[in-house]
Amino acid sequence: MLNEFKDFISKGNVMDMAVGIIVGAAFTAIVSSLVADLINPIIGLIIGGIDFSNLYVVLSGDVPAGSSLDAAREAGAAVFAYGSFLMAVINFLIIAFVVFMLVKQVNRIKDATAKKEEAVEAPAAPAGPTELDILMEIRDSLKK
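Since we're looking at a predicted model, the values are computed, not measured.

What counts, and where the lines are drawn
Residues numbered from 1 in each chain as written. Predicted model: local features only at pLDDT ≥ 70, side-chain atom pairs only at ≥ 80, totals over all residues. Heavy atoms only, no water. Helix = DSSP H or I, 4+ residues; strand = E, 2+ residues; numbered from the N terminus. Rg over C-alpha atoms; globule rule 2.2 N^0.38 Å. Buried < 20%, exposed > 50% of the residue type's maximum accessible area, 1.4 Å probe, protein only. Areas by Shrake-Rupley, 256 points an atom, 1.4 Å probe, with all protein chains shown as cover. pLDDT = per-residue confidence, 0-100. Patch = residues over 30% accessible without salt bridge, like charges linked within 9 Å, V, L, I, M, F, W, Y side chains within 5 Å. Salt bridge = Lys/Arg side-chain N within 4 Å of Asp/Glu carboxyl O.

1. Things to note about the overall build of the protein
Working step 1: Within the protein, the regular secondary structure consists of five helices and two strands.
Working step 2: Counting helices and strands in the order they occur from the N terminus, the protein gives α-α-β-α-β-α-α.
Working step 3: For the protein, whose C-alpha radius of gyration is 33 Å, the value lies well above the compact-globule estimate of 15 Å for 144 residues.
Working step 4: Overall size of the protein, expressed as C-alpha extent along the three principal axes, is 115 × 55 × 25 Å.
Working step 5: A burial count over the protein gives 12% of its 144 residues as buried.
Working step 6: Per element, the accessible surface of the protein, about 11600 Å² overall, is 67% carbon and sulfur.

As structure tokens, this is what we get:
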């Protein structure tokens, strides 16, 4: 059973998947920082400094007016935090776009590499007989 497990783990697909998950986790941290530290402040400037993450509606409970979402949650109020959801959707769209651009570039590089390999591997078309070859063949035929 241990040998079967070793065979399973040593297969290329499992190792590729493990590397993909590790790189994906690191990539998620980078993209999350990009969104939180660079893109969200720009969006905030464009729309007048509104921070979506603190937008909520109190469903039940007493919350002082102008309280942050964290203060409302600490007060024990039931809140409908649509701002956090909106930020999660914006983060998802940005991450999806970045991944799309990354995959597009990888595919472009793969296509360019495949075209280069096809050009190298494609054998030269057999050249037809030259005029001299035809004349020599006619001469040889006439000699017979």
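2. Overview of the environment of Ile134
Working step 1: In this structure, Ile134 sits in helix H5 (residues 131–143).
Working step 2: Accessibility expressed as a relative area gives 40% for Ile134, which makes it partly exposed.
Working step 3: Considered as a pair, Ile134 and Asn54 are 80 residues apart in the sequence and their alpha carbons are 87 Å apart.

3. Overview of the confidence of the model for the protein
Working step 1: In this model, the protein carries a mean pLDDT of 79, and residues with pLDDT of at least 70 account for 92%.
Working step 2: Within the protein, no element has a lower average pLDDT than helix H1 (residues 2–10), which sits at 76, and none a higher one than H5, at 87.

4. Here's the deal with a nonpolar patch on the surface
Working step 1: Residues Val57, Leu59, Phe80 and Tyr82 make up a contiguous nonpolar surface patch of roughly 400 Å² in combined accessible area.
Working step 2: Its location among the elements puts Tyr82 in helix H4 (residues 82–121).

5. Some thoughts on the pattern of salt bridges
Working step 1: This model, assessed by the stated rule, comprises one salt bridge.
Working step 2: A salt bridge links Asp140 to Arg139; the shortest N-O distance between them is 3.3 Å.

6. Examining the environment of Asp16
Working step 1: Tracing the sequence through the fold places Asp16 in helix H2 (residues 12–46).
Working step 2: The spacing of Asp16 and Gly48 is 32 residues in sequence and 45 Å in space, taken between C-alpha atoms.

7. Let's talk about the environment of Lys116
Working step 1: As for its placement among the helices and strands, Lys116 is situated in helix H4.
Working step 2: On the basis of relative accessible area, Lys116 is assigned to the exposed category, the value being 62%.
Working step 3: Sequence separation of Lys116 and Val89 is 27 residues, and the distance between their C-alpha atoms is 40 Å.

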